[in-house]
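Remarks on the overall topology
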Amino acid sequence: MKDQAPTAPQTVYLKDYTPFGWTVEDVHLTFRLAPESTRVLARIHFAPAPDAPKQDFFLHGEELTLISAKIDGVAVQPALTAQGLTVSVPDGPFLWEAEVEIAPIKNTALEGLYMSNGMYCTQCEAEGFRKITYYPDRPDVMSVFTVRIEGDAPVKLSNGNPTDSGEGFAEWHDPWPKPAYLFALVAGDLVNHPDRFITTSGKDVELNIWVRPGDENKCAFGMEALKKSMRWDEEVYGREYDLDIFNIVAVDDFNMGAMENKGLNIFNSSCVLASPETSTDANFERIEAIIAHEYFHNWTGNRITCRDWFQLCLKEGLTVYRDSQFTSDVRSAPVKRIEDVIVLRARQFPEDQGPLSHPVRPESFQEINNFYTATVYEKGAEVIGMLKLLVGDEAYYKALDLYFDRHDGDAATIEDWLQVFEDSTGRDLSQFKLWYSQSGTPRVAVDETFEDGRYTLTLRQHSPDTANQTDKKPQVIPVAVGLLSPDGTEVAPTTVLELTENEQSFTFDGLTEKPVPSLLRGFSAPIVLERTTTAQEKTFLLAHDTDSFNRWEANRDLARDCLLAMIVEGAGPDQDWLDSLTKVLRDDTLDPAYRALMLGGPSNSDLAQVLFERGHTPDPDAIYDASETLAQYRAELWVDLLPRLAAEARVTAPYAPDAEQSGKRALGGAVLALQTRLDGGKAAQAQFDTADNMTLQLGALAQLVRAGQGEAALATFYDQWKDDRLVMDKWFGLQIGALPPAEAVSRASALTEHADFTMRNPNRFRATLGALAGYHAAFHQADGSGYRLLSDKLIALDDLNPQTTARMCSAFQTWTRYDDNRRSLMKAELERIKAKPKLSRDTDEMVSRILNA
């Protein structure tokens, strides 16, 4: 019996939550693996849930062939639909048995059980388990799983601890109740990189990173990151690991970065495999953070999960915040904070300001995969950071201890989370809760007065209307403020002002002269600050602010103002700003990574958004030209400084991906970009020829391509790395992003015809088409060629992988801010995607929301 044809998309609402009517006492699964015809045998004990509302017995199931079904040993004939089955069940406890057949080799969506280069693997979050067997596939249904895997694969892994194995089989038991989305299975020809970890209480834990043969030499860094994460979680949050074994598996074909399945984390290969020769410093840092993130989920996501998918931010926002803390502790806290805000503004702010805007806790969805967003993850983490700032460090960790004690083994809600803070601190968080229910980026306008030694700051908050939300209420906004005297001395250290009304005034007394305010220190809230100030004041803060973030922010604002003046008014570069920046760059007491960030600036997309907000129609070509003109001017201005900076950035010790060396290489890479504008690529060619690590080799290659001298180097790089799939992803993406805009679209199109390009691998697809979508001037070519190429490929991909297709549709989310020609071209492409026959539910929802802008 096969599921019936799919029905129209249905909207799910938070307000309609109803608990499942049965508890799942235990789950026994047997997998008889075969690429075309895997059999899954399920034995599940159900019992009526106390106080649950009366309901039909419904089990989710999609793309399954039902072979047989039994209740208490008696065959039954369930009613099947495309979403699952319904069947009559006894009033008391009963045993459900089902046998289904699935075809992992045909599963290109990479949800449920599928195959990647001959390896069986699973991805069940959010709703993939229903493609494995019939089950109440919802996060609030938790049970103990026992799994038997049968087949000829040498290695057979699942959740929990191994209990038995023999010729052609392996058995696993996970003693911790979990929802189905945390189920995992991997089977294939794998080799392990082993290690051990002794917990604080003395528990000896076996650790493994499992990889395809040939990748063993890329596991050492990931293993050290895992052990570092385990120790950090013990020391900072008091959380120990709770199984005898912890396995990580590297998988080439994976829609996301990694998955925190209990005891068996499955990772996109790009997020765990690393070596100096094949991985950049940024790769190493990302791998370290993702391994930490997935490990931290063991408590914030697994031991305590979310009641329903509307509470996704409960596990993801908290865990992103925790992994950010971890990176700050093991690397540079100021640099990490700046990097986080760059990502937030690039990914989440446009989401908040456009048709895809939604609250941190959404109120409805058609396809939950579409809500694994920057708002849920990054803004969700910012909300945790604000809460910690408001209650203080000691109260925060006290509340977390109560959270773990009270809700261990629960499927919790945002209300549960906030309640522990109210109970442990005595603070009313009802207004703070608005951060979870109101969408959009609040704006805070600032006015100031100074009279008789009293300095007064008046703050006014407002939240613009967003998709489906108007008439916003005032939120609790922590604004961290410091005051500087005109000579640069700090006269008032950082103080957190709590803005809770539409308008509030805060006073500072006992001052002898009007201070210069340093506002929103550390980016204490995810808001837009509105304050009329002068270039002189920003230059002063660039020179004197004691807050690392705000010093960087002053430089960024000056760079933005300079570029806007060049675009709108035809002005030249701001020499006063550049003179001040020169002094910062000469300061060798500053972290090289920090100075590298100072050499950055607002992205072309950021500038387009600011122009749009100020009443201008952004011209991608003009934005690109101004950015190029400023970069060339700075290179010529610093012709004598660049060699000194290059020497300071040089690393002579053996390669290490630590913060010190990575910072130097980041500064060196920024300097090389400027040098290439002066020497036509000579320094870049020399670096390319002698590079002994991927950071230097790839950085040099990018500059050679930008200088128009890269074709020979691209061919050399290809010949060297054509057998390394992760390095080849870099090769595909780099050349698109480094070419002039007019050439980038045609190069992207040609690369999609390359023999090594494949639509079926998300990494390769994102590396190629994602590079184009992220290249502002190229994607927005006035002839619409960038739009057409992306929509062509998304239409083709939708039948294979709806999840990746839907997420990449977000490239069109800002379509309404451009000129009539570009708007009409983008709208036409969105309508073309929308009109595709049998468009997936994932993509249909995304495109519909974007078109409704």
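The following refers to the structure shown. Please read these numbers as outputs of a predicted model, since none were measured by experiment.

For the rest of this paragraph, the subject is the packing of helix 3 (residues 312–330) against helix 5 (residues 374–391). It is the contact of helix 3 with helix 5, at a shortest axis distance of 7 Å, that shows an interaxial angle of 70°. On the basis of the axis angle, helix 3 is roughly perpendicular to helix 5. Counting all contacts with helix 3, which are made through Leu312, Cys313, Glu316, Gly317, Leu318, Val320, Tyr321 and Gln325, the residues of helix 5 involved are Val376, Tyr377, Gly380, Ala381, Ile384, Gly385 and Lys388. Among the residues making up the contact of helix 3 with helix 5, the classes are represented as 9 nonpolar, 4 polar and 2 charged.

Once that is clear, we can look at the sheet that holds strand 16 (residues 185–188). A sheet is described by the order of its strands in space; here 4 strands give the open sequence 10-11-16-13, paired in antiparallel fashion. In this open sheet, the two strands that pair with only one neighbour each are strand 10 (112–116) and strand 13 (155–158). On average, adjacent strands in this sheet sit at an angle of 20° to one another, irrespective of strand direction. Relative to strand 11 (residues 119–123), strand 10 is paired through 5 bridges, and the arrangement is antiparallel. From the neighbouring strand, Tyr114 faces strand 11, where its bridge partner is Cys121.

All right, on to the nonpolar core then. Generally speaking, soluble globular proteins have nonpolar side chains that are buried together. The biggest cluster of nonpolar side chains holds 227 residues, and the ones touching the most others in it are Tyr403, Trp417, Phe421, Phe432, Tyr436 and Phe812. Leaving out residues up to four positions away in the same chain, Tyr436 has contacts with Cys313, Pro359, Val360, Arg361, Val383, Ile384, Ile414, Trp417 and Leu418. The next biggest cluster of nonpolar side chains, apart from the first, holds 44 residues, and it includes Leu66, Ile132, Phe145 and Ala180.

For the rest of this paragraph, the subject is helix 13 (residues 604–613). Every α-helix winds through 3.6 residues per turn, so residues three or four apart in the chain are directed the same way. Taken across its 10 residues, helix 13 has 7 buried, putting it largely inside the fold. Every buried residue of helix 13 is listed here: Asn604, Asp606, Leu607, Ala608, Gln609, Val610 and Leu611. In this fold, the buried residues of helix 13 make contact with helix 4 (333–352), helix 10 (548–569), helix 14 (620–637) and helix 23 (776–779). Taken from the residues just after helix 13, Gly615 is the one with a positive phi, measuring 90°.

Scanning all chains against the criterion turns up 46 aromatic pairs. Seen in terms of ring centroids, Trp22 and Phe57 are 5.0 Å apart; in terms of plane orientation they differ by 85°. Their pairing is edge-to-face. Of this pair, Trp22 sits in strand 2 (residues 22–32) while Phe57 sits in the loop between strand 3 (38–48) and strand 4 (58–60); the two residues are 35 residues apart in sequence, bridging distant segments of the chain. Assessed through its relative accessible area of 11%, Trp22 is described here as buried. The buried category is assigned to Phe57, whose relative accessible area is 2%. Here Trp417 and Phe421 contribute two aromatic rings whose centre-to-centre distance is 4.9 Å and whose plane-to-plane angle is 65°, an arrangement assigned as edge-to-face. Placement of the pair is Trp417 and Phe421 together in helix 7 (residues 414–425), with a separation of 4 residues, close to one helical turn.

Take the pairing of strand 28 (residues 490–499) next. Of the pairings in the sheet, the one linking strand 27 (residues 477–484) to strand 28 comprises 7 bridges and is antiparallel in character. Among the inter-strand pairings, Val481 is bridged to a residue of strand 28, identified as Thr495. Linkage of strand 27 to strand 28, two consecutive antiparallel strands, is achieved through a turn of 5 residues, within which Gly488 is found at a positive phi near 95°.

Consider a sheet: its strands pair through backbone hydrogen bonds, and that pairing is either parallel or antiparallel. Here we have 4 strands laid out as an open sheet, ordered 29-26-25-31, and mixed in their pairing. Only two strands of the sheet have a single neighbouring strand rather than two, namely strand 29 (503–508) and strand 31 (528–530). Ignoring which end each strand starts from, the neighbouring axes of this sheet average 25° apart. In this sheet, strand 31 lies alongside strand 25 (residues 443–451) in parallel orientation, the contact comprising 3 bridges. What sits directly across from Val444, in strand 31, is Leu529.

Helix length check: helix 5, at 18 residues, gives a terminal C-alpha distance of 25 Å against a target of 26 Å (1.5 Å per residue), a fit within 8%. When the local axis directions of helix 5 are compared, the greatest deviation, roughly 25°, occurs at Gly380. Buried residues dominate helix 5, accounting for 16 of its 18 residues.

Attention now goes to the pattern of salt bridges. This model, assessed by the stated rule, comprises 75 salt bridges. Measuring nitrogen to oxygen at the nearest pair gives 2.7 Å for the salt bridge that ties Arg322 to Asp233. With Arg322 in helix 3 and Asp233 in helix 1 (residues 220–237), this pair connects stretches of sequence that are 89 residues apart. Put simply, Glu288 and Arg331 hold a salt bridge, and the shortest N to O gap is 2.7 Å. Of this pair, Glu288 sits in helix 2 (residues 281–296) while Arg331 sits in the loop between helix 3 and helix 4, and the two are 43 residues apart along the sequence. When sorted by exposure, Glu288 lands in the same class as Arg331, which is buried. Connected via shared salt-bridge partners are Arg212, Asp215, Lys218, Asp252, Asp724 and Arg725.

What follows covers the state of the cysteines. Throughout the structure, instances matching the rule amount to 0 disulfides. For Cys121, which is in no disulfide, the shortest distance to another cysteine sulfur is to Cys124 and amounts to 10 Å. The thiol of Cys271 is not disulfide-bonded; the next cysteine sulfur, from Cys219, is found 14 Å away.

Attention now moves to the packing of helix 16 (residues 659–679) against helix 18 (residues 694–706). Contact geometry of helix 16 with helix 18 gives a least axis separation of 10 Å together with a crossing angle of 20°. It follows from the interaxial angle that helix 16 and helix 18 lie roughly parallel. The two elements helix 16 and helix 18 meet at a crossing, and its hand is right-handed. Two secondary-structure elements touch here, helix 16 through Arg665, Leu672, Ala673 and Thr676 and helix 18 through Thr695, Leu696, Gly699, Ala700 and Gln703. Residues that form the contact of helix 16 with helix 18 fall into these classes: 4 nonpolar, 4 polar and 1 charged.

If you trace the backbone, Val745 turns up in helix 21 (residues 741–751). Relative accessible area serves as the criterion here: at 8%, Val745 is assigned to the buried category. Those residues in contact with Val745 that sit more than four places away from it in its chain are Leu772, Ala778, Gln781, Ser785, Gly786 and Leu789.

So, how was this worked out
- Residues numbered from 1 in each chain as written.
- Predicted model: local features only at pLDDT ≥ 70, side-chain atom pairs only at ≥ 80, totals over all residues.
- Heavy atoms only, no water.
- Axes fitted to C-alpha atoms, helices over the stretch in contact; angles between N-to-C directions.
- Helix = DSSP H or I, 4+ residues; strand = E, 2+ residues; numbered from the N terminus.
- Parallel < 35°, antiparallel > 145°, perpendicular 65-115°, else oblique.
- Contact = heavy atoms within 4.5 Å.
- Nonpolar A, V, L, I, M, F, W, Y, C, P; charged D, E, K, R; others polar.
- Pairing = 2+ DSSP bridges.
- Core = buried A, V, L, I, M, F, W, Y, C linked by side-chain atoms within 4.5 Å.
- Buried < 20%, exposed > 50% of the residue type's maximum accessible area, 1.4 Å probe, protein only.
- Phe/Tyr/Trp six-rings, centres within 6.5 Å; stacked < 30°, edge-to-face > 60°.
- Expected span 1.5 Å × (residues − 1).
- Bend = angle between axes of the 7 residues up to and from the residue.
- Salt bridge = Lys/Arg side-chain N within 4 Å of Asp/Glu carboxyl O.
- Disulfide = S-S within 2.5 Å.
- Left-handed = near helix turned anticlockwise from the far one by under 90°.

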